[in-house]
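Structural description and commentary
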Amino acid sequence: MPLFGKSQKGPAEVVKALKEAVNSLEKGEKKAEKAQEDVSKNLVLIKNMLYGTSESEPQTDIIVAQLAQELYNSNLLLLLIQNLNRIDFEGKKDVAQVFNNILRRQIGTRSPTVEYICTKPEILFTLMTGYEHQDIALNCGTMLRECARYEALAKIMLHSEDFYNFFRYVEVSTFDIASDAFSTFKELLTRHKIVCAEFLEANYDKVFSYYQRLLNSENYVTRRQSLKLLGELLLDRHNFSVMTRYISNPENLKLMMNMLKERSRNIQFEAFHVFKVFVANPNKPKPILDILLRNQEKLVEFLMKFHTDRAEDEQFNDEKAYLIRQIKELKPLPGH
Amino acid sequence: MSENTNNSGEDFGARCSEQELSNRIFSVENDDEPINAAENAEIWLNDGHSTDDLDVLGDDLGTGNINDFFHRVDSDQVIYQPKKKRLKIIDNRYVMGDLLGEGAYGKVKEMLDSETLCRRAVKIFKERKLRRIPNGEQNVQKEISLLKKLCHKNIIRLIDEHRNPEKQKLYLILEFCVGSLQGLLDSAPGKKLPARQAHGYFTQLLDGLEYLHGARVVHKDIKPGNLLLTLEQVLKISDFGVAETIDLFAKDDTCYIGQGSPAFQPPEIANGAESFPGFKVDIWSSGVTLYNIMTGKYPFEGDNIYRLFENIGNGDFKIPDEIQDPLRNLLAGMLKKDPTERLSLRQIRQHPWLTRKPPPGDYVVSIPPLKNDQFHNMTVLPYLIEHYYHADEPCYDEDGNMTYSETEYVTERQLNAAAENQKRLEQVNGNSQSNQSSSSKRNRKKRPISCMTVRNLSMCKQS
């Protein structure tokens, strides 16, 4: 091997070497330090094949294709992710970069890595549990969001049992991890409109019982973010049937009315945007109408004084005036 | 005028005083006819300059040989400069730049937000003109309230609005774009784009449309002229004048009115259907747009609107032979006569032409230059310089020829360095040498700073 200059190892050799190194790292043998070093070194080699360096161009398509094939055959992607916590700091970042690059690879209209991961969904599930471990959560987050760009992968994640863990991850005490988890969570629920709508419809009860907990969270940020996302989900035309279902449930209305009175003005404001849908509904079910009628005067009075300093926001004022008018004109259903 | 101006005026006068006065040439406001010296004098005096200029003039003339001064300018020596750039500030905040485009309602100009220093565009509506357009005022109002609700990368963002009741003008301050897809096509060979570039714009159009449809908005007037481009090649859907919002509780997307541009209207509207599914209208016109940017032609044409609508209504069109599958198949799917058979946004996204990025072509069509400036430099700056530095004075080199030096900017750091340098020189050489050192300071000041260039700012050079 030349003293200076790049190594001439081909993809097959690098992948093999990396796999061996990760395996011995996993076993925690006495030569752990040596293994750690080998992992880092080979990861850099793979990364340079894909991205090139300041001196060299990325490798040709043929080499990259060989590399990808080796990665699939050796099952190395899963192995790397499973052992991500054992790899050093730079190595973790390299794994994410290699993973995301390989994921984006296209042959014609096909995305071979996406197809590969579809046959190995453990990769996705392992990545999702990455949020449980502080030291790898953010690396897993970047890989997950890259996966979420593909409809097929997003669908697998949404429909897996592990998805419901996100309701826990978005509340963890470490703020950066909770935020990262929330952005992945939001991406999964909003990116592929039709897949999301189908998912929400099919799993309405389960999803919204979990969602209710977020809205009642102790954590202000969780409460506010989840309320805002709820508004976005309900007002998206794709989720029409989810919205009609949501606004027929009197429990949801009560929750929103309580949130209108929260201490935080931001939460009040977000709650207003969900509350307005209940009132604007031209076909209010009886339980909803009953609640509104029972509180008719109080609501009108409350809304009159609600965020009166937002004089600049014409749209808000129009909507508020509309709601006040609607509530004033509410009448019990005939025959009652 | 601020103190700043006065200072620079004096400075300017001091520098000019060394010039041979007889060589003065006047700037003339947009006047094509040669004018004689007396008129020149009038223009000079009525130029709207502060009295500093007159003082300068007086100083320069010394004991008032004013007649000689004017008589020595022959008409062929008069150099006509473009219209002076008068500084205009809207709402105490937005500084006007050059014209970007013009429409039936009014003009679009570039502007600078003096608070955020962001480049913006302003759409200026003249209420008088607006009243003459059927539904004009109503549509603008609708557009404003709609734009306020929308927030997406591929939708033009409304930053602010401002009314001037005295001038009867309405200003909509929008994100800055350098041109439209139509402008790009007009400058492109064959009026079409290479596949890779078209693919990039079309995917952005789909992103924007998906967001719009999710927000229950039917645009109804998708066409290259309404798709704007930023300097970063981001596509922005604009012009929501005829857009319609579907009611939150409507069961489906049925619309009743079609008002878009005829060549981009679907058969159901051309045939005068009473109601039609709204979102599929946008799919159709996106299909016509894609056809147009890929072939340089339109799928349906006609000598007049009746013929055009007849052709669209029949739904028969030809795709040029050079368009191969999968694009051919995509266009056929988007331009299905029956809206229920027409592809949905999701189907388009999953179409092979979208999932496979076309290989890079031999060329990329770049946005045509505005007034010969292919880099699209900010046009607000000259107005500011004109206003604060009296740049309308021509200047001369040693031989008395008029020159327009490139604008030179000086950073505070350079000024400090120059001052320091001068101090050092003074210490070394004593005060007798101060003349020399001041010239070295001047040299430093003249170093241009490359990140900004401005045409037409003239300065007097020291001889």
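Keep in mind that what you see is a predicted model, and the values were worked out from it rather than measured.

What counts and how
Residues numbered from 1 in each chain as written. Chains lettered and ligands numbered in written order. Predicted model: local features only at pLDDT ≥ 70, side-chain atom pairs only at ≥ 80, totals over all residues. Heavy atoms only, no water. Contact = heavy atoms within 4.5 Å. Buried area = accessible area lost by both parts, 1.4 Å probe. Salt bridge = Lys/Arg side-chain N within 4 Å of Asp/Glu carboxyl O. Polar contact = N/O pair within 3.5 Å; in protein donor to acceptor, adjacent residues only side chain to side chain. Helix = DSSP H or I, 4+ residues; strand = E, 2+ residues; numbered from the N terminus. pLDDT = per-residue confidence, 0-100. Core = buried A, V, L, I, M, F, W, Y, C linked by side-chain atoms within 4.5 Å. Buried < 20%, exposed > 50% of the residue type's maximum accessible area, 1.4 Å probe, protein only. Phe/Tyr/Trp six-rings, centres within 6.5 Å; stacked < 30°, edge-to-face > 60°. Axes fitted to C-alpha atoms, helices over the stretch in contact; angles between N-to-C directions. Left-handed = near helix turned anticlockwise from the far one by under 90°. Nonpolar A, V, L, I, M, F, W, Y, C, P; charged D, E, K, R; others polar. Lys, Arg positive; Asp, Glu negative; His and termini not counted. Pairing = 2+ DSSP bridges. Expected span 1.5 Å × (residues − 1). UniProt positions renumbered as here; feature names shortened; annotations may be inferred.

Time to look at the interface of chain B and chain A. The interface is formed by 22 residues belonging to chain B together with 22 residues belonging to chain A. Both sides of the chain B and chain A interface together cover about 1,700 Å² of buried area, and 55% of this is carbon and sulfur. Contact with chain A buries surface across chain B, with B:Leu248, B:Phe249 and B:Arg346 losing the most and accounting together for 37% of the total. For B:Lys148, the salt bridge identified is with A:Glu314, shortest N-O distance 3.7 Å. Linking chain B with chain A are seven residue pairs in polar contact (both at pLDDT 80 or more), by the criterion used here. Counting only elements with at least two residues in the side of chain B that touches chain A, the list comes to helix H6 (136-149), helix H8 (195-214) and helix H14 (352-355) of chain B.

Below, the discussion takes up the confidence of the model for chain B. Here chain B averages 77 in pLDDT, while 70% of its residues score no lower than 70. Across residues 433-463 of chain B the pLDDT falls below 50, and counting only partners more than four positions away or on other chains, this stretch makes 65 contacts in the model.

Now for the nonpolar core. In this structure, A:Phe163, A:Phe185, A:Met256 and A:Phe275 are the most contacted members of the largest nonpolar core, which totals 113 residues. When residues of this core are assigned to their parent elements, the largest contribution, 10 residues, is made by helix H17 (residues 265-280) of chain A. When residues no more than four places from it in sequence are discounted, the contact partners of A:Phe163 are A:Met128, A:Met157, A:Leu158, A:Phe185, A:Leu188, A:Leu189 and A:Phe199. Counting residues in hydrophobic clusters, the runner-up holds 64 residues, among them B:Leu150, B:Leu170, B:Leu174 and B:Ile222.

The subject of this paragraph is the packing of aromatic side chains. Residues and elements named next belong to chain A. Within the structure shown, the criterion is met by 31 aromatic pairs over all chains. Geometrically, the ring pair formed by Phe163 and Phe185 is stacked, given 5.8 Å between the ring centres and 20° between the ring planes. Here Phe163 is found in the loop between helix H9 (151-158) and helix H10 (166-169), whereas its partner Phe185 is found in helix H11 (residues 175-190), with 22 residues between them in sequence. By the burial criterion, Phe163 is buried, and Phe185 matches it. Between Tyr204 and Phe208, the ring centres sit 4.7 Å apart and the planes meet at 35°, which makes this aromatic pair tilted. With Tyr204 and Phe208 both in helix H13 (residues 204-215) and four residues apart, this pair spans about one turn of that helix.

All names here are of chain B. Relative orientation of the contacting elements helix H10 (residues 278-295) and helix H12 (residues 327-334) amounts to 145°, with a least axis distance of 8 Å. Classified by chirality, the crossing of H12 by H10 is left-handed. Mapping the contact onto sequence places Ile283, Trp284, Ser286, Gly287, Leu290, Tyr291 and Met294 in H10 and Leu327, Leu330, Leu331 and Met334 in H12. Residue composition of the contact of H10 with H12, by class: nine nonpolar, two polar and no charged.

What follows is about the side chain of B:Arg120. Residue and element names in this part refer to chain B. Position of Arg120 relative to the elements: it lies in strand S4 (residues 119-126). No salt bridge is formed by the buried Arg120; the nearest opposite charge belongs to Asp113, separated by 4.8 Å. Beyond its immediate chain neighbours, meaning those up to four positions away, Arg120 contacts Lys109, Glu110, Met111, Asp113, Arg157, Ile159, Ile173, Leu174, Glu175 and Phe176.

Moving on, we get to the pairing of strand S2 (residues 94-102) of chain B. Residues and elements named next belong to chain B. Pairing geometry for strand S1 (residues 89-90) and S2, over two bridges, is antiparallel. Bridge pairing in S2 places Ile89 opposite Val95. Relative to strand S3 (residues 106-113), S2 runs antiparallel, the two being bridged by six bridges. Counted as the bridge partner of Gly101 is Val108 from S3.

Residues and elements named next belong to chain A. If you check helix H14 (residues 220-235), its first and last C-alpha atoms are 23 Å apart, about what 16 residues at 1.5 Å a residue would give, namely 22 Å. Looking at H14, one finds that the buried residues are Thr222, Arg223, Ser226, Leu227, Leu229, Leu230, Gly231, Leu233 and Leu234. Against H11, helix H12 (193-202), H13, helix H15 (240-246), helix H16 (250-260) and H17 lie the buried residues of H14. Here H14 starts with a cap whose side-chain oxygen sits 2.8 Å from the backbone nitrogen of Val221, and that cap is Asn219.

Counted under the stated rule, the structure contains 38 salt bridges over all chains. Each of the salt bridges in this network shares a partner with another, and the network as a whole consists of A:Arg104, A:Glu146 and A:Arg149.

Residues and elements named next belong to chain B. Per the UniProt record, "binding site: ATP" (unreviewed entry) is annotated on Lys123. For Lys123, the location among the structural elements is in strand S4. We classify Lys123 as buried; its relative accessible area is 11%. Setting aside chain neighbours within four positions, we find Lys123 in contact with Tyr105, Lys107, Val108, Glu143, Leu170, Tyr171, Leu172 and Leu174.

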